[in-house]
Amino acid sequence: MRWQTLAQKIGTTMKKVRRTKKWTQEQAAEKAGMSLRYWQQLEAGEKNMTLRTITSIARALQLEVGEFITGR
């Protein structure tokens, strides 16, 4: 799997979970400790992310890292 494909899959999961929680992108970004613009780029699958970033996002979305990466 190419990293772009994985980044897009993770971004889709971010968006789905965020919407389920009825959070704005701004609220989710704040909970993850990152800028709104960076969150938007990640959610759109435009940026590659580090394990540290993945962990921060999973924690903010109240998911286990594995659950977050697989989208389940």
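Quick summary incoming for the structure in this document. (Residues numbered from 1 in each chain as written. Predicted model: local features only at pLDDT ≥ 70, side-chain atom pairs only at ≥ 80, totals over all residues. Heavy atoms only, no water.)

A word on helix 4 (residues 51-60)
Here is step 1: Among all positions in helix 4, only Thr 53, Ile 54, Ile 57, Ala 58 and Ala 60 are buried. Buried residues in helix 4, looked at end-on, bunch into an arc of 165°, giving them a common side. Summarising the geometry of helix 4, the exposed residues directed more than 90 degrees from the buried face are Leu 51, Arg 52 and Arg 59. (Buried < 20%, exposed > 50% of the residue type's maximum accessible area, 1.4 Å probe, protein only. Helix = DSSP H or I, 4+ residues; strand = E, 2+ residues; numbered from the N terminus. Arc of directions from axis to C-beta.)

Description of the side chain of Thr 13
Here is step 1: Tracing the backbone through its elements, the reader meets Thr 13 in helix 1 (residues 3-20).
Here is step 2: Of the residues examined, Thr 13 reaches a relative accessible area of 7% and is grouped as buried.
Here is step 3: Beyond its immediate sequence surroundings of up to four residues, Thr 13 is in contact with Phe 68 and Gly 71. (Contact = heavy atoms within 4.5 Å.)

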